[in-house]
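Next come the chains, spelled out residue by residue.
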Amino acid sequence: MIYTVTFNPALDYVVRMDALALGQVNRTVSEDVQLGGKGINVSWVLRELGHENVALGFVAGFTGKAIEDGLAAKGVATDFIHLPAGLTRINVKLKAGEETEINGKGPDISAEALEELFHKLDALGEGDVLVLAGSIPASMPSDVYESILARLEGKNVLCAVDATRDLLVNVLKYKPFLIKPNNHELGEIFGRVLTTDEEIRECAEKLQQQGARNVLVSMAGDGAMLLDENGGCHRLAAYKGKVKNSVGAGDSMVAGFLAGYLDSGDYAHALRVGSAAGSATAFSDVLATRSEIEALLNQA
Ligand SMILES: Nc1ncnc2c1ncn2[C@@H]1O[C@H](COP(=O)(O)OP(=O)(O)OP(=O)(O)O)[C@@H](O)[C@H]1O
Ligand SMILES: O=P(O)(O)OC[C@@]1(O)O[C@H](CO)[C@@H](O)[C@@H]1O
């Protein structure tokens, strides 16, 4: 089974405006509320691509309930831990020419609640896939992703990690199946701004040397590069289209990559499906549908 973990789910409040004037009353052109949080987005797109999966993580309050209900309606199984206090965050995504995001810090997660998650994950074994994606609330120990991978070591669970900086770097020693930094996050890890493919490849190779089996570097409108575990380096340009809402493009890419790999065992194919899923989401107001992803794949 595929499991996704979202420590800090969100409702994404997507607001469109002609322009944003700070310090004034602004009126929207449109607004929409979508389920969010990186692992949840991965679950959604995996389901769209025909892969059953279970969404794990922590939810609280009426916003948390809305996420559970929305996933159930989509046919994604959930096994969230319910926090006794606080509220699952509402992240604001402003579309006013540029895209501006305000992401909440999220509710506190107690040591007991974390232990409950560890207990659920202890049941995973051979053939299971685990996706750890997104930020962790400030109340959590910063080595939490590392602790999860340490507990799963030797169980042959395919782990994909989409996180930034230390959360990501610290899991490399456990040889995760996939990591997906974007080019900016990759540069931040090495204190550099990466501008050329050569520089991106050089840094991605370093993460591979530190243990990552496959490194997928996403580059928004510039496409993606994959260093696979067999020594292959694949570079794909992004699809061309009108960008409507790129929130979740990276998560869609992770979902597409995993679906493509699980369906074929082929990394080049996985990258194509990941790329199509990422671009299809960027070209859509919400996360991409299967038919939108297939339409792009058929273009190539
Ligand atoms: N403007 C775009 N045009 C075409 N394709 C895009 C665009 N933005 C994203 N994509 C596709 O989606 C993939 C992932 O996008 P991106 O690099 O922005 O991920 P990310 O930074 O993790 O995004 P997010 O955090 O919003 O999910 C890209 O590699 C590309 O294939
Ligand atoms: O604050 P985090 O966990 O890093 O990111 C959360 C988030 O921006 O990521 C998703 C898009 O990737 C959104 O649905 C969600 O609001």
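Residues numbered from 1 in each chain as written. Chains lettered and ligands numbered in written order. Predicted model: local features only at pLDDT ≥ 70, side-chain atom pairs only at ≥ 80, totals over all residues. Heavy atoms only, no water.

Draft legend 1. Seen up close, the overall build of the protein. Broken down by element type, the protein carries ten helices and 14 strands. In terms of overall size, the protein behaves like a compact globule, its C-alpha atoms giving a radius of gyration of 18 Å where 300 residues would be expected to give roughly 19 Å. With respect to the principal axes defined by its C-alpha atoms, the protein has extents near 55 × 45 × 40 Å. The buried share of the protein, taken over its 300 residues, is 51%. In the structure as shown, the protein presents an accessible area of about 13300 Å², 50% of it carried by carbon and sulfur atoms. If you average the places of the 27 positive and of the 40 negative side-chain charges in the protein, the two averages end up 2 Å apart. (Helix = DSSP H or I, 4+ residues; strand = E, 2+ residues; numbered from the N terminus. Rg over C-alpha atoms; globule rule 2.2 N^0.38 Å. Buried < 20%, exposed > 50% of the residue type's maximum accessible area, 1.4 Å probe, protein only. Areas by Shrake-Rupley, 256 points an atom, 1.4 Å probe, with all protein chains shown as cover. Lys, Arg positive; Asp, Glu negative; His and termini not counted. Charge placed at Lys NZ, Arg CZ, Asp CG, Glu CD.)

Draft legend 2. Focus on unusual backbone geometry. Phi angles above zero are rare outside glycine, and Lys 175 is one such case at about 55°. Of the residues examined, Lys 175 reaches a relative accessible area of 54% and is grouped as exposed. The phi dihedral of Ala 220 falls on the positive side, at around 45°, and the residue is not glycine.

Draft legend 3. Examining the packing of aromatic side chains more closely. All chains considered together, the criterion is met by six aromatic pairs. Taking 5.5 Å as the distance between ring centres and 35° as the angle between the ring planes, the aromatic pair formed by Phe 7 and Phe 58 counts as tilted. Placement of Phe 7 in the loop between strand S1 (2-6) and strand S2 (10-16) and of Phe 58 in strand S4 (residues 53-59) is noted, with a sequence separation of 51 residues between them. Judged by centre distance (6.3 Å) and plane angle (15°), the ring pair of Phe 257 and Tyr 267 falls under stacked. In this pair, Phe 257 sits in helix H8 (residues 249-264) while Tyr 267 sits in helix H9 (residues 267-282), placing the two residues ten residues apart along the sequence. When its relative accessible area of 0% is taken as the criterion, Phe 257 is described as buried. Tyr 267 gets classed as buried once you look at its relative accessible area, which sits at 6%. Each residue in the set Phe 177, Phe 257, Tyr 261 and Tyr 267 is aromatic and connected to the rest through ring pairs, giving one cluster. (Phe/Tyr/Trp six-rings, centres within 6.5 Å; stacked < 30°, edge-to-face > 60°.)

Draft legend 4. Highlighting the site of ligand 1. Around ligand 1 sit 23 residues, and of these Asn 182, Ser 218, Ala 220, Gly 250 and Ser 279 come closest. One of the side-chain nitrogen or oxygen atoms of Asn 182 is found 2.8 Å away from an oxygen atom of ligand 1. Within the backbone of Met 219, one N or O atom sits 3.4 Å away from an oxygen atom of ligand 1. For ligand 1, whose free accessible area comes to 630 Å², the fraction covered by protein is 85%. For the shell around ligand 1, the secondary structure elements donating two or more residues are H8 and H9. (Near = heavy atom within 4 Å. Polar contact = N/O pair within 3.5 Å; in protein donor to acceptor, adjacent residues only side chain to side chain.)

Draft legend 5. Geometry of helix H7 (residues 197-209). Between its first and last C-alpha, H7 extends 18 Å over 13 residues, near the 18 Å set by a 1.5 Å rise per residue. The complete set of buried residues in H7 reads Ile 200, Cys 203, Ala 204 and Leu 207. Buried residues of H7, seen end-on, are gathered within an arc of 100° and therefore sit on one face of the element. Exposed residues on H7 whose side chains face more than 90 degrees from its buried face are Glu 198 and Gln 209. On its buried face, H7 is in contact with strand S11 (178-179), helix H6 (183-189), strand S12 (214-218) and strand S13 (224-227). (Expected span 1.5 Å × (residues − 1). Arc of directions from axis to C-beta. Contact = heavy atoms within 4.5 Å.)

Draft legend 6. Inspection of the nonpolar core at higher detail. Grouped together as the largest cluster of nonpolar side chains are 46 residues, with contacts concentrated most on Phe 7, Phe 58, Leu 117, Leu 130, Tyr 145, Ile 148 and Val 161. With residues near it in sequence (within four places) discarded, Leu 130 still touches Tyr 3, Val 5, Leu 121, Leu 124, Ile 148, Leu 152, Val 157, Leu 158, Cys 159 and Ala 160. Phe 257, Ala 259, Tyr 267 and Phe 283 belong to the second largest nonpolar core, which has 35 residues in total. (Core = buried A, V, L, I, M, F, W, Y, C linked by side-chain atoms within 4.5 Å.)

Draft legend 7. Quick look at the pattern of salt bridges. All chains considered together, the criterion is met by 16 salt bridges. Where Lys 95 meets Glu 99, a salt bridge forms, and the shortest distance between an N and an O atom there is 2.9 Å. Measuring nitrogen to oxygen at the nearest pair gives 3.0 Å for the salt bridge that ties Glu 294 to Arg 290. Taken together, the residues span about one helical turn, with Glu 294 and Arg 290 both in helix H10 (residues 290-299) at a distance of four residues. (Salt bridge = Lys/Arg side-chain N within 4 Å of Asp/Glu carboxyl O.)

These values are about where atoms sit, not about what they do.
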